[in-house]
Amino acid sequence: MTEETRTLVIEREFPHPPEKLWRALTQPHLIAEWLMQNDFEPVLGRDFKLHVESPRWSGIIDCKVLIVEPNRKLAYNWNSMGLETVVTFTLTPTKNGVQLRMEQSGFREEHARNFHGAKLGWQKFLGNLEQTLARLD
Amino acid sequence: MQTPDTIFRSLSDPTRRAIFERLCRGGEQTVWMLTEDAGISQPAVSKHLGVLKLAGLVGDRRDGRETHYSAKPKALAPLLDWMSLYAGFWHERFDHLESLLNRMDQ
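Residues numbered from 1 in each chain as written. Chains lettered and ligands numbered in written order. Predicted model: local features only at pLDDT ≥ 70, side-chain atom pairs only at ≥ 80, totals over all residues. Heavy atoms only, no water.

## Observations concerning the overall build of chain B
Moving on, step 1. Each helix and strand in chain B was counted, giving six helices and three strands.
Moving on, step 2. For chain B, the succession of helices and strands along the chain, N to C, is α-α-β-α-α-β-β-α-α.
Moving on, step 3. Long-range pairs, those at least 24 residues apart, make up 57% of the contacts in chain B between residues at least 6 apart in sequence.
Moving on, step 4. About 5,600 Å² of surface is accessible on chain B, with carbon and sulfur atoms providing 50% of the total. (Helix = DSSP H or I, 4+ residues; strand = E, 2+ residues; numbered from the N terminus. Contact = heavy atoms within 4.5 Å. Areas by Shrake-Rupley, 256 points an atom, 1.4 Å probe, with all protein chains shown as cover.)

## A few points about the nonpolar core
Moving on, step 1. Ranked by size, the top nonpolar core spans 40 residues in total, and within it Y76, W78 and F89 of chain A together with W90 of chain B carry the most contacts.
Moving on, step 2. If one sorts the elements of this core by residue count, helix α6 (residues 82-103) of chain B sits on top with nine residues.
Moving on, step 3. Once you skip the residues sitting within four places of it in the chain, Y76 of chain A turns out to touch L35, F40, F48, L50, C63, K64, V65, L66, T85, V86, V87 and F89 of chain A.
Moving on, step 4. I19, L34, V58 and A71 of chain B belong to the second-largest nonpolar core, a separate cluster that totals 16 residues. (Core = buried A, V, L, I, M, F, W, Y, C linked by side-chain atoms within 4.5 Å. Buried < 20%, exposed > 50% of the residue type's maximum accessible area, 1.4 Å probe, protein only.)

## A look at the pairing of strand β5 (residues 73-80) of chain A
All names here are of chain A.
Moving on, step 1. For β5, the buried fraction is high: six of the eight residues fall into the buried class.
Moving on, step 2. The pairing of strand β4 (residues 59-69) with β5 spans five bridges and is classified as antiparallel. From the neighbouring strand, V65 faces β5, where its bridge partner is Y76.
Moving on, step 3. Hairpin connection from β4 to β5: three residues lie between these consecutive antiparallel strands, with N71 at a positive phi of about 65 degrees.
Moving on, step 4. Strand direction decides the pairing type here: β5 and strand β6 (residues 83-93), joined by eight bridges, are antiparallel. By the bridge assignment, A75 is partnered in β6 with T88.
Moving on, step 5. Remark: two residues form the turn of the hairpin made by β5 and β6, two consecutive strands paired antiparallel; M81 in that turn has positive phi of roughly 50 degrees. (Pairing = 2+ DSSP bridges.)

## Description of the pattern of salt bridges
Pairs can form between side chains of opposite charge once their charged atoms are near each other.
Moving on, step 1. Enumeration according to the criterion identifies 11 salt bridges over all chains in this entry.
Moving on, step 2. Residue E33 of chain A is joined to R103 of chain B by a salt bridge in which the shortest nitrogen-to-oxygen separation is 2.3 Å. Of the two residues, E33 of chain A is situated in helix α2 (residues 28-34) and R103 of chain B in helix α6; the pairing between them involves two chains.
Moving on, step 3. Three or more residues joined by partner-sharing salt bridges are found here, namely E11, R101 and E103 of chain A. (Salt bridge = Lys/Arg side-chain N within 4 Å of Asp/Glu carboxyl O.)

## Observations concerning helix α4 (residues 42-54) of chain B
Residues spaced three or four apart along an α-helix point in a common direction, a consequence of the helix completing one turn every 3.6 residues.
Residue and element names in this part refer to chain B.
Moving on, step 1. In a regular helix each residue adds 1.5 Å, so 13 residues correspond to 18 Å; α4 covers 18 Å between its end C-alpha atoms and thus fits that length.
Moving on, step 2. By the burial criterion, the buried members of α4 are V45, H48, L49 and L52. Viewed along the axis of α4, the buried residues span an arc of 100 degrees, placing them on a single side of the element. In this structure, α4 carries P43, K47 and L54 as exposed residues pointing more than 90 degrees from its buried face. (Expected span 1.5 Å × (residues − 1). Arc of directions from axis to C-beta.)

Here is the structure:
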C-alpha cells in the first residue's frame, strides 16, 4: 500500500490538572458525557465500542486500546464502516493546566465518499457532485 | 463560508437535493422551469430554493420580472472534505469535554 493517509490534529488547553483530564478520557461514565456511550477500559489491547447516536454519526465504532500511559498518553483504534484510523490523545502540563492534543491518523481519500455516502444514502449524489466539482477547476 | 452542518441540513430533503442536482446539470433556470419538473407547487419550489440559497448552494439573478437560479456547487467543498467534518466533530466534543471538566471535582 503506497496510498497516502492524512492526519487530523485538534489541540486545546484546559485550566485543569492533567490527572483530572485523564479521568475524563478514561472513565466510561465520564467518556459518555463528552464523547459517546462506551465500554472502555484503560487496559492495553482491550477491545471496546463507542456508540454514536445522531443523524450524521449513527453507528458503532470498534476500538482497541493501543497506548495507556496514565496522565500522559492514550491511543486507540477507531474503526467504523471501512474507516480505519487511530486516535491518540497526548496530555502536556502547562503553566495554567494541561494541553490536550488529539491526533486522528489514517484517513484515506477513497473512503470519504463511501463513508459519508453510506451513512446518508448519498453515494450516487456525492459521486455526481464530485465530478461536477472536478469539472469546475 | 457555510458550515458542513448548514449544508447537510439544506440537502437532507430529497426534493431539495433533486432541485440542486437539476440546477447543477441544467444550468440557470427560473422557478417556473423547476416547478414543471419537480411535481410540487411553485411556492414549495421557491421555499426549497430559499433554503438552498441560505446554505450558499444556490445563487439568483433578477432579470426583469424573472428570477434565474443557478447552482453554486463550489459551496459543497467543505462537505466533500470529510476531514473538515471530523474536525467539526472533535471541536464540538472538546466543547463538551471542557464543560464536563468544569463540572467535575478535582
